[in-house]
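Read off the chains here:
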There are 2 protein chains.
Amino acid sequence: MKTPRDVPTPLLESLKSLGLTKYEALVYIGLLRTAGATATEVHEISGVPRASVYPVLDRLVQKELVSVSHTAPKRFDAVPPDQGIENLMRRIESDAESAREALEAFYREKDLEDRGDQELIWTIYGEENIRTRLAGMFKSAERSVELLATGDLLQRSVLLLLDPVPDSVRVEIVTERWSGERPSRFHLHLLPLAALCETPILAEKLLPYERSGVFLVDDTRALLWMEGADGQPSALYSESAGLARFVRRHIATVMEWAKAAVQ
Amino acid sequence: MKTPRDVPTPLLESLKSLGLTKYEALVYIGLLRTAGATATEVHEISGVPRASVYPVLDRLVQKELVSVSHTAPKRFDAVPPDQGIENLMRRIESDAESAREALEAFYREKDLEDRGDQELIWTIYGEENIRTRLAGMFKSAERSVELLATGDLLQRSVLLLLDPVPDSVRVEIVTERWSGERPSRFHLHLLPLAALCETPILAEKLLPYERSGVFLVDDTRALLWMEGADGQPSALYSESAGLARFVRRHIATVMEWAKAAVQ
DNA sequence: TAAATGTTGTTGCTAACATAACAACAAGGT
DNA sequence: ACCTTGTTGTTATGTTAGCAACAACATTTA
């Protein structure tokens, strides 16, 4: 008889988020390591109380994770993990799809009055969310786009989003580093590293070597990309006239410095 | 102010299986229909008690489903459902992937002694699971493969699985209907419908018009594909010598009838 | 003062967890 | 036969944890 060998907690958590309970996870894992076990063997292997094993096995069969034999006593076998997880994901994805449709219906009713939006400052968490917001800003650009960001962030996460910007819009890019050829479509301003080193305080404050940046569209919509101490990216977005003016001035100042330092 | 308008229960269930609680779902849905709501507005729109709204919103921000403004009082906005669901699914899929890897590790330790397997009869639920089992049977075929199934089931779910069967293996197919050209690789036996109609009892019992079938490989491994009254497919699988012999005889008998009826 | 915001603590509820005990049945030994 | 011994499947019962629901409080804003 095998020992109940303790199961790593993160695995249990992962299985929980796939819709299994702790017992279901333990029993399934136990069954994966044996072939055709009886209920009592399942109990011994998984460490789950024998009385609880029966309802748990019922649920697992229902979820298409184990199969039952027709002998007496019944014997149980686990579906290979590959396919078992696919079975679970199929349900979840179908739920996700139907939820998405229902939610879109609600979403379309949304008041588009865009009420106080102009004066609010929003925080956005997660790189994905920030990138979508940025993409939306760029797509709606009508007059100008200005970027001030670390080269890493720019070329890895932002540059591709600039494609939808119409040719008529002037795009100014300020950064401290640029690898590869300089794009002809945009006005690129390189911050001379020498100048930065002379005033290390500024270097630290303006372009810290974590991924960060400031983005301004049409002088009205601004986004500040920051990276929390934990490395999780977050951002501020606003259509506030005050913040827009502040950002505008900030970028302009840095560009002036850059120009002055070159001379 | 909008009415709390009741939310369809299935939607709540779907969102629960994506890892949201009831309150989280209600608040998110409520936020989808407004722009920049305060905590109390969220309470009014969603019907969630005002005191509970705060922790719930915290969790939703954590899950990247809503963004917060930096005003006082705070205002909240929902990310579009499209992207919100994608955010949820990203987490789940990453969990699924790590779980799959960990489970495969356990699975590989499995005793392959294949102990009593030979005399057991297993039930398999779910079309996907049945098809994988069938595929496994076909792939391991060394001498013979025999199929007796309704044409619908055969051509829609089974035929593709026959590809891996080596050419040296004799494949006998018995069915009541075949659309399209007859495959040259297999020995196809068509049950004359006329003969079936003359003995309606047999027609009912042998080939009921639900999807069902009998499969035998190497005269040793048999699978019975049935369809429950609820339309959910299930199957019996066995390597029992007794069942295999029974199935062998059953298929042979039907083939004899077919031959006799043609004359 | 009044109204709204944000927070805290208490209580109830439900699903899952955990243990104990029971009837039914099959060896196996006296 | 009888009585043990052990296993299977089921039922009842108690416990815990997380969420749901409500009341109360300090704080701000008008």
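First, a word on scope: everything that follows refers to the structure included in this document.

### Points about the pattern of salt bridges
- Applying the stated criterion across every chain, the model contains 34 salt bridges over all chains.
- Among the ionic pairs, Glu127(A) bridges to Arg211(A), the shortest N-O distance being 3.5 Å. Residue Glu127(A) is located in helix α6 (residues 127–139), and its partner Arg211(A) is located in the loop between α9 (200–206) and β8 (213–217); the two are separated by 84 residues in the primary sequence.
- Residue classification places Glu127(A) among the partly exposed residues on the basis of a relative accessible area of 29%.
- Notably, a salt bridge pairs Arg185(B) with Asp167(B), separated by 3.4 Å at the nearest N-O pair. With Arg185(B) in the loop between β6 (170–175) and β7 (187–190) and Asp167(B) in the loop between α7 (151–158) and β6, this residue pair connects regions lying 18 residues apart in the sequence.
- Since its relative accessible area comes to 68%, Asp167(B) is described here as exposed.
- Shared partners join several salt bridges into a network, and the residues in it are Glu127(A), Asp152(A), Arg156(A), Arg211(A) and Glu227(A).

### Describing helix α1 (residues 9–17) of chain A
- Those residues of α1(A) not exposed but buried are Leu11(A), Leu12(A), Ser14(A) and Leu15(A). Projected down its long axis, α1(A) carries its buried residues within an arc of 160 degrees, all on one side.
- Tucked into the core, α1(A) has its buried residues touching α2 (22–32) of chain A together with α5 (81–108) of chain B.
- Where α1(A) ends, the next residue or the one after it, Gly19(A), has phi of about 100 degrees, a positive value.

### A word on the interface of chain B and chain A
- Counting from both sides, the interface comprises 63 residues of chain B and, opposite them, 63 residues of chain A.
- Counting the surface lost from both chain B and chain A, the interface buries some 5800 Å², and carbon and sulfur atoms represent 62% of this.
- Considering only the side of chain B, the residues that lose the most area to chain A are Leu103(B), Phe106(B) and Trp122(B), jointly responsible for 11% of the buried surface there.
- Seen at the junction of chain B and chain A, the total is 0 salt bridges.

### Comments concerning the relation of the copies chain B and chain A
- Here chain B sits on chain A after a turn of 180 degrees about the axis and a move of 0.0 Å along it, with an RMSD of 0.1 Å. Accordingly, the operation relating the two chain copies is best matched by a two-fold axis.

### Section: the packing of aromatic side chains
- Applying the stated criterion across every chain, the model contains 0 aromatic pairs over all chains.
- The cationic tip of Arg133(A) hangs over the ring face of Tyr237(A); the distance from NZ or CZ to the ring centre is 4.2 Å.

### Observations concerning the protein's contact with DNA strand C
- Surrounding DNA strand C, one finds 14 residues, the nearest of these being Lys22(A), Tyr23(A), Ala51(A), Thr40(B) and Arg50(B).
- Among the atoms of DNA strand C lying within 4 Å of the protein, the sugar-phosphate backbone contributes 61%.
- Measuring from a phosphate oxygen of DNA strand C, one finds a backbone N or O atom of Lys74(B) at 3.2 Å.
- Secondary-structure elements contributing two or more residues to the surface near DNA strand C are α2 and α4 (50–62) of chain A together with α3 (39–46) and α4 (50–62) of chain B.
- Looking at which element gives the most residues to the surface near DNA strand C, the answer is α4(B), with 3 residues.
- Of the residues that constitute the surface near DNA strand C, the class distribution is 7 nonpolar, 4 polar and 3 charged.

### Quick look at the sheet that holds strand β8 (residues 213–217) of chain B
- Pairing in this open sheet of 10 strands is mixed, and the strands run β1(A)-β3(A)-β2(A)-β4(B)-β10(B)-β9(B)-β8(B)-β5(B)-β6(B)-β7(B) from one edge to the other. This sheet does not close on itself; its edge strands, each paired only once, are β1 (37–38) of chain A together with β7 of chain B.
- Bridging between strand β9 (residues 221–227) of chain B and strand β10 (residues 233–238) of chain B involves 6 bridges; their strand directions are antiparallel. Paired with Leu223(B) across the bridge in β10(B) is Tyr237(B).
- Most of the contacts of α2(A) go to strand β3 (residues 75–78) of chain A, to which it runs at about 90 degrees, and overall it touches β1, β2 (66–69) and β3 of chain A.
- In this fold α7(B) packs onto β5 (144–149), β6, β8 and β9 of chain B, with an angle of close to 125 degrees to the strand it touches most, β5(B).

Calculation rules
Residues numbered from 1 in each chain as written. Chains lettered and ligands numbered in written order. Predicted model: local features only at pLDDT ≥ 70, side-chain atom pairs only at ≥ 80, totals over all residues. Heavy atoms only, no water. Salt bridge = Lys/Arg side-chain N within 4 Å of Asp/Glu carboxyl O. Helix = DSSP H or I, 4+ residues; strand = E, 2+ residues; numbered from the N terminus. Buried < 20%, exposed > 50% of the residue type's maximum accessible area, 1.4 Å probe, protein only. Arc of directions from axis to C-beta. Contact = heavy atoms within 4.5 Å. Buried area = accessible area lost by both parts, 1.4 Å probe. Least-squares fit on C-alpha atoms with pLDDT ≥ 70 in both. Phe/Tyr/Trp six-rings, centres within 6.5 Å; stacked < 30°, edge-to-face > 60°. Lys NZ or Arg CZ within 6 Å of the ring centre and 35° of its normal. Near = heavy atom within 4 Å. Polar contact = N/O pair within 3.5 Å; in protein donor to acceptor, adjacent residues only side chain to side chain. Nonpolar A, V, L, I, M, F, W, Y, C, P; charged D, E, K, R; others polar. Pairing = 2+ DSSP bridges. Axes fitted to C-alpha atoms, helices over the stretch in contact; angles between N-to-C directions.

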